Amino acid sequence: MKDTMGIILTKDTNNKLYELSAQRAVAAVPFGGRYRIIDFILSSMVNSDISNVGVVTHENYQSLMDHLGAGKEWDLDRKLCGLFIFPPNVRKESVDRSKGTLEELYNIMHYFRRSKEKYVVISESGVICNMQLDDAMEFHLSKEADVTVLYNAVDARGFKELSSLTSLSVDRNGQIVSMEINPRFPKSNKVSMNIYITKKALLETLIDESISSGLDEIESDLLRKNLGSLRIFAYGYRGYVARIDTVRSYFRTSMELLNRNVMHELFSGENPIYTKVKDEVPTMYGDRASVSNSLIADGCVIEGNVQNSILFRGVQISKNVNVANSIILQNSEVHENSVLENVILDKDVIVRVGKRLTGQADYPVLIGKGGVI
Amino acid sequence: MILAGGQGSRLGSLTKAIAKPVVPFGGKYKIIDFALSNCINSGIDTVGVLTQYQPHELSRYIGSGQPWDMDRYNGGIYILPPYMKGKSGEWYKGTANAIYQNIAFVESFDPEDVLILSGDHIYIMDYRPMIEAHEAKRADATIAVITVPWEEASRFGIMAVDEDELVTSFAEKPKKPASNLASMGVYVFNWKMLKKYLILDEQSEKSSNDFGKNIIPMMLKDGLRLYAHSFHSYWKDVGTIESLWQANMDLLQKPLPLDMYIDSRRIYCRNPVKPPHFVSSSARISNCLVTEGCEIYGEVEKSVVFTGVTIGKGSRISNSVIFPNAKIGEGCVIDRAIVGDNAVIGDGCEISASARAGLDEAAPGAAAPGAAAATATAGAAAATAAAVAVAPAGVAAATVTAGTAAAAGAATVAVAPKGAAPAPAPKAAAQAAGVAAGSPAAQAAGSSAAGSPAAPEAGGPPPRLIGFDSLSGADIYDTTFLSDYCEDGISLIAPDVAIGCGVRIGGGCMVDRSIVAPGGALGAVATGAAARTAPPPLPPPPASAPVMAGAGAGAGAGAGASAKAAPAAGRRLKEVAP
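Criteria and cut-off values
- Residues numbered from 1 in each chain as written.
- Chains lettered and ligands numbered in written order.
- Predicted model: local features only at pLDDT ≥ 70, side-chain atom pairs only at ≥ 80, totals over all residues.
- Heavy atoms only, no water.
- Helix = DSSP H or I, 4+ residues; strand = E, 2+ residues; numbered from the N terminus.
- Buried < 20%, exposed > 50% of the residue type's maximum accessible area, 1.4 Å probe, protein only.
- Contact = heavy atoms within 4.5 Å.
- Areas by Shrake-Rupley, 256 points an atom, 1.4 Å probe, with all protein chains shown as cover.
- Rg over C-alpha atoms; globule rule 2.2 N^0.38 Å.
- Pairing = 2+ DSSP bridges.
- Core = buried A, V, L, I, M, F, W, Y, C linked by side-chain atoms within 4.5 Å.
- Axes fitted to C-alpha atoms, helices over the stretch in contact; angles between N-to-C directions.
- pLDDT = per-residue confidence, 0-100.
- Buried area = accessible area lost by both parts, 1.4 Å probe.
- Salt bridge = Lys/Arg side-chain N within 4 Å of Asp/Glu carboxyl O.
- Polar contact = N/O pair within 3.5 Å; in protein donor to acceptor, adjacent residues only side chain to side chain.
- Nonpolar A, V, L, I, M, F, W, Y, C, P; charged D, E, K, R; others polar.
- 1 Å grid on protein atoms, 1.4 Å probe; cavity = no way out; pocket = protein on both sides within 12 Å on 5 of 7 lines; lining within 4 Å.
- Points joined across faces, edges and corners; volume = space filled by probe spheres on them.
- Phe/Tyr/Trp six-rings, centres within 6.5 Å; stacked < 30°, edge-to-face > 60°.
- Lys NZ or Arg CZ within 6 Å of the ring centre and 35° of its normal.
- Patch = residues over 30% accessible without salt bridge, like charges linked within 9 Å, V, L, I, M, F, W, Y side chains within 5 Å.
- Lys, Arg positive; Asp, Glu negative; His and termini not counted.
- Charge placed at Lys NZ, Arg CZ, Asp CG, Glu CD.
- Left-handed = near helix turned anticlockwise from the far one by under 90°.

Engineer: Looking at this model, I keep getting lost on the overall build of chain B. Mind explaining?
Structural biologist: What chain B contains, in helices and strands, is 15 helices and 34 strands. Counting only residues that meet the buried cut, chain B has 58% of its 578 residues in that class. In chain B, the share of contacts with a sequence separation of at least 24, taken over all contacts with a separation of at least 6, comes to 65%. By element, 54% of the accessible surface of chain B is carried by carbon and sulfur atoms, the whole surface being about 22,300 Å².

Structure (structure tokens):
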């Protein structure tokens, strides 16, 4: 994968994460105790030996920029290549932020021209997986494909949860014959992961053509229009994949991390998921702490009971607190005698003494950043 | 300037391959993180780290200094090993000589004052008030001091001061301390003055080139203005296994003696890339520090668990310090121990004082079932059960030397493999012991195994059997337990050691070699680690180790006793086996 560059698109206009994405792009939504969503695809690229990655930001990108910094933690703080962050409207004439993904790519044409790699992997940022892209690239080359779309098989529950998806119909050889955007009754359970592999030169031509003929989006416009004229193939990824674009999918995917197999696949030692370092102290368990089936990041102080939950860095759980089936983001505090069940607390939330918050597994209670209850 | 070249020999196998400053501490840190973080939190961003003993791990750990925010254009962090000058070069002879050899380095920054630190102390300190006081008093040198208990004062550099904190006398490790103000090994020197004295000290051939022993007394004698600067918070020199263990335990006290939770005094470290730690539904954790990357399935109490540790289901860990990436199997019991990095402990092992007590009871004749016949036959010799060597086919190199420093008699245990001819067993034991023990001890082994009943009568406590592989019977083949480092009952499992299933190890032992049968099982934690930790060749035992290989069993232990005790041991094994 040495000769490949990566592009991560962070446009997330259709997301339904509500307060979680009120002040940040979906790519920057905290996930899994110490990560942000973008860490997974970004680390996958880095672990696949891609050392030239452009992150195209859309709106609300301050939090994302702050997280990525110079790319040090992903080993992308390089002299040659490394991490490039593109704020929206990098060109003077592009002022219309409602423009599609293709317009965003068109805006960074200079970056494509300057980069020396032969191939490009383009990915959207809401995918949780830890994948080696080498197999997909091998598939792409062996099929002599113009474009390869990565997909995974999604079950009925997955279809229900996703707010938008593209289902792919594929012939015996693996070539895509039709693509349906948000179908009511999907013909295929193969759902695009919104990750594409192509040659850089071809991409430049396609983007140019698309912009001059007024196309907006990669899948619905560019790929669908070219199904007949280009060799567009589908590569099925068999590993763990989750997509996060609703509160429900955020909650369920987070809870899936407590499954040992999922946890080991995502966080296996050889291909770590990198993230920004916080220098927190180890987590302190008090005398009367009782924790079970939970993921706990560093810097927490736990005196109460925690069950089936995920605590991010620096969370404080006081005495006599019961937390169950909940996700508590960085630096939030739950004071004495409170009870939380099926709750998501965003960062810096304070739940004062003796409060009771109860949601349902399908509809967790979500408290926005900095809330005081 | 941080002095980080010391070996820390009293930390035993922990510092066999690494320098003391990179010994893990406090869940995710290394000892040197405290000095480095104190520097950056005090606004000092030009730091020299003087290395000498086993510098690779230290150099790699420090790298560009980025984790401590010390990768700077101007200043930053510099690793300073001894180097060649002209046609010659020499090792750092002492703390003062290390600075002497780097005078040119310090000069290049043209400093007014130089702060000299030790890279192996645990404390959180803002050096700025000390430097300000040093400047305000126009001192030639300022020494940070801490009040220590009187009974410990003779272990430190002790000084007497007047009401203005001007040092009036200084004595390095005095027999009769004049005060209980101890030097913390933190000095601020006026650089011009220090340079002068470093050069003077170098000219004296008798000098040991040490700050505490030479430079400070010489300055004091010459009437220089040396001031003390009192420090009133936590400070610990983690020079021994016991103090390293204790300092880790101190982090679990309330209120915290060492408060790492204050933002402006944060301790920085090179962060491992690990996910949050996982606590399973079978786990119970109380009064612990646990770090990212751990997976806890057992019960952990009053312990510090470092990055990437796995603790299996049903295991009970208490009062222990588990270093990074150690893997502990299922159903283990570990109490008052330090488990080294990447150590692998198989299912059903026990490391605790009670394991030792239990073994002491069963000691006469506590051979594995397969060996019972061998010991019974060999019973004519006085060296019976307590001197049992495990000799797997083809390998006659099994020694288990045992006993605390108090228990002068060590036990060498030789167990013949199942089906082996019983008669040669004592001889095998003697040979095995001889291989391990080297010179005079080998003769001792030979003579006692040959049947001298003198050992028990010679006085001293009876020798103790402290470990055997109860699951696989006669499969121990390469073990040495040394106890001279751990007189206080803290056990140490050395880094990278693998221990097979069901091994029981008494309190206060140091296990520095793997105890794994060839191809032996490690149980649920079986990983590649076992393969990686091929047993190294047997080193000669340290002089202080009470090697009396082949010493007889406890008084009265004879053939009959051992034959009787064997079934009892067998029952015990069944209980232990997971």
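What follows picks up the thread again.
Engineer: Is there a simple way to think about the overall build of chain A in this case?
Structural biologist: Helix and strand counts for chain A stand at ten helices and 28 strands. Taken over C-alpha atoms, the radius of gyration comes to 21 Å for chain A, in line with the 21 Å a tight globule of 373 residues would show. Across its three principal directions, the C-alpha atoms of chain A cover 65 × 45 × 40 Å. Buried positions account for 60% of the 373 residues belonging to chain A. Taking the intrachain contacts of chain A between residues at least 6 apart in sequence as the baseline, contacts between residues at least 24 apart amount to 59%. Surface exposure of chain A reaches about 15,200 Å², of which carbon and sulfur atoms provide 44%.

Engineer: Where do I start with the sheet that holds strand β22 (residues 310–311) of chain B in this structure?
Structural biologist: Strand pairing within a sheet occurs via backbone hydrogen bonds; the two strands may be parallel or antiparallel. Ordered by their spatial adjacency, eleven strands build an open sheet running β28(A)-β25(A)-β22(A)-β19(A)-β16(A)-β16(B)-β19(B)-β22(B)-β25(B)-β28(B)-β32(B), and the pairing between neighbours is mixed. Strands at the two margins of the open sheet, each flanked by one partner only, are β28 (365–367) of chain A together with β32 (498–499) of chain B. Two elements, strand β28 (residues 344–345) of chain B and β32 of chain B, share two bridges in a ladder whose sense is parallel. The partner of Ile-345 of chain B across the bridge, within β32 of chain B, is Ile-499 of chain B.

Engineer: Looking at this structure, I do not really get the nonpolar core. What am I missing?
Structural biologist: In globular proteins that are soluble, nonpolar side chains generally tend to be buried together. Residues and elements named next belong to chain B. Residues Leu-36 and Tyr-127 are the most contacted members of the largest nonpolar core, which totals 70 residues. At six residues, helix α1 (residues 32–41) tops the list of elements feeding residues into this core. Excluding its chain neighbours within four sequence positions, the residues that come into contact with Tyr-127 are Ala-35, Asn-38, Cys-39, Ser-42, Ile-44, Leu-115, Leu-117 and Val-186. Val-279, Ile-285, Ala-326 and Val-511 belong to the second largest nonpolar core, which has 53 residues in total.

Engineer: Can you walk me through the sheet that holds strand β21 (residues 322–324) of chain A in this structure?
Structural biologist: Residue and element names in this part refer to chain A. Pairing in this open sheet of five strands is parallel, and the strands run β15-β18-β21-β24-β27 from one edge to the other. Of all strands in the sheet, those bounded by a partner on one side alone are β15 (290–292) and β27 (356–358). Within this sheet the neighbouring strands show an average axis-to-axis angle of 5°, counted without direction.

Engineer: I'm lost on the confidence of the model for chain B in this one. Help?
Structural biologist: All names here are of chain B. Predicted confidence across chain B gives a mean pLDDT of 72, with 66% of residues reaching 70 or more. Under a pLDDT of 50 for its full length, residues 358–485 has, in the predicted model, 265 contacts with residues more than four places off or in other chains. Model confidence for the complex is summarised by a pTM of 0.80, with the ipTM given as 0.91.

Engineer: How should the interface of chain A and chain B be read in this particular structure?
Structural biologist: Interface extent is often summarised as the accessible area lost during association of the parts. Contacts between chain A and chain B engage 36 residues on the former and 36 residues on the latter. For the pair chain A and chain B, the summed buried area comes to about 3,000 Å², and 54% of that belongs to carbon and sulfur atoms. Three residues, Asp-279, Met-284 and Tyr-285 of chain A, lead the burial of chain A against chain B; their summed loss comes to 23% of the area buried on that side. In this structure, the connection of chain A to chain B is made through three salt bridges. Ionic pairing is found between Arg-34 of chain A and Glu-292 of chain B, a salt bridge with its closest N-O pair at 3.1 Å. Summed over the shared surface of chain A and chain B, the result is 22 residue pairs in polar contact (both at pLDDT 80 or more). Elements with a minimum of two residues in the side of chain A that touches chain B: α10 (260–266), β14 (283–285), β15 and β16 (294–296) of chain A. Of the residues in the side of chain A that touches chain B, the class split is 18 nonpolar, eight polar and ten charged. Relative to strand β16 (residues 277–279) of chain B, β16 of chain A is paired through three bridges, and the arrangement is antiparallel. In the sheet register, Ile-296 of chain A faces β16 of chain B, and the bridge partner there is His-277 of chain B.

Engineer: Can you walk me through empty space enclosed by the protein in this structure?
Structural biologist: Leftover empty space is mapped by rolling, across the atoms, a probe with the size of a water molecule. Residues and elements named next belong to chain A. In total, this model carries seven cavities of 30 Å³ or more according to the counting rule given. What the second largest cavity holds in volume is close to 100 Å³. Lining the second largest cavity are Leu-102, Leu-105, Ile-122, Val-147, Tyr-196, Thr-198, Leu-203, Leu-206, Ile-207, Ile-218, Leu-222 and Leu-223. Listed by contribution, the elements that provide at least two residues to the lining of the second largest cavity are α3 (101–107), β11 (190–199), α7 (200–212) and α8 (218–225). Grouping the constituent residues of the lining of the second largest cavity by class yields eleven nonpolar, one polar and no charged.

Engineer: Where do I start with the side chain of Asn-248 of chain B in this structure?
Structural biologist: All names here are of chain B. Along the chain, Asn-248 falls in helix α8 (residues 241–250). We classify Asn-248 as buried; its relative accessible area is 0%. Not counting residues within four places of it along the chain, the set of residues in contact with Asn-248 comprises Phe-25, Gly-26, Val-304, Phe-306 and Val-321.

Engineer: What is the right way to read unusual backbone geometry from this model?
Structural biologist: When glycine is set aside, most residues are seen to have a negative phi, and most peptide bonds are trans. All names here are of chain B. Residues Lys-254 and Pro-255 are joined by a peptide bond in cis, for which omega reads -5°. Residue position: Pro-255 is located in the loop between α8 and β16. Residues other than glycine seldom take positive phi values, yet Asp-110 does so here, at roughly 45°. The topology assignment puts Asp-110 in the loop between α4 (103–107) and β8 (113–118). Assessed through its relative accessible area of 62%, Asp-110 is described here as exposed. Located in the positive-phi region is Arg-336, a residue other than glycine, with phi close to 45°. Tracing the chain through its elements places Arg-336 in the loop between β26 (333–335) and β27 (337–339).

Engineer: What exactly am I supposed to notice about the packing of aromatic side chains here?
Structural biologist: By convention here, two paired aromatic rings are described through the distance between centres and the angle between planes. According to the stated counting rule, one finds 24 aromatic pairs over all chains in the structure shown. Ring centres of Phe-105 of chain B and Phe-109 of chain B lie 5.2 Å apart, and the angle between their planes is 70°; on these two criteria the pair is classed as edge-to-face. What makes Phe-105 of chain B buried here is its relative accessible area of 17%. Take Phe-109 of chain B: its relative accessible area is 33%, and that puts it in the partly exposed class. These aromatic residues form a ring-pair network of at least three members: Phe-31, Tyr-35, Phe-40, Tyr-250 and Phe-267 of chain A. A cation over a ring is seen here: Arg-248 of chain A above Tyr-363 of chain A, with NZ or CZ 5.0 Å from the ring centre. When the ring centre of Tyr-83 of chain B is taken as reference, the NZ or CZ atom of Lys-85 of chain B above it lies at 4.3 Å.

Engineer: I keep staring at helix α1 (residues 38–47) of chain A and nothing clicks. Help me out?
Structural biologist: Side chains of residues three or four places apart in an α-helix project in the same direction, reflecting 3.6 residues per turn. All names here are of chain A. In terms of burial, α1 is a largely internal element, ten of the ten residues being buried. Considered for burial, the residues of α1 that qualify are Ile-38, Asp-39, Phe-40, Ile-41, Leu-42, Ser-43, Ser-44, Met-45, Val-46 and Asn-47. At the C-terminal side of α1, Asp-49 shows a positive phi close to 70°.

Engineer: Teacher, can you tell me more about a negative patch on the surface here?
Structural biologist: A surface patch of negative charge is lined by Asp-110, Glu-112, Glu-132 and Glu-135 of chain B. On the secondary structure map, Glu-112 of chain B appears in the loop between α4 and β8.

Engineer: What is the right way to look at the environment of His-134 of chain B in this model?
Structural biologist: Residues and elements named next belong to chain B. Secondary-structure assignment places His-134 in helix α5 (residues 128–136). Taking the C-alpha atoms as reference points, His-134 and Ile-146, twelve residues apart in sequence, are found 17 Å from one another. Setting aside anything within four residues of it in sequence, one finds His-134 in contact with Asp-113, Ala-139, Asp-140, Ala-141, Thr-142, Val-188, Phe-189 and Asn-190.

Engineer: Help me understand the packing of helix α6 (residues 191–203) of chain B against helix α7 (residues 211–221) of chain B in this model?
Structural biologist: Think of two packed helices as two axes; the pair is described by the angle between the axes and how far apart they sit. Residue and element names in this part refer to chain B. Their axes nearest at 10 Å, the elements α6 and α7 cross at an angle of 115°. Judged by the twist between their axes, the crossing of α6 over α7 is right-handed. Seen from α6, the contacting residues are Met-193, Leu-194, Tyr-197, Leu-198, Leu-200 and Asp-201; seen from α7, they are Phe-211, Asn-214, Ile-215, Met-218 and Met-219.

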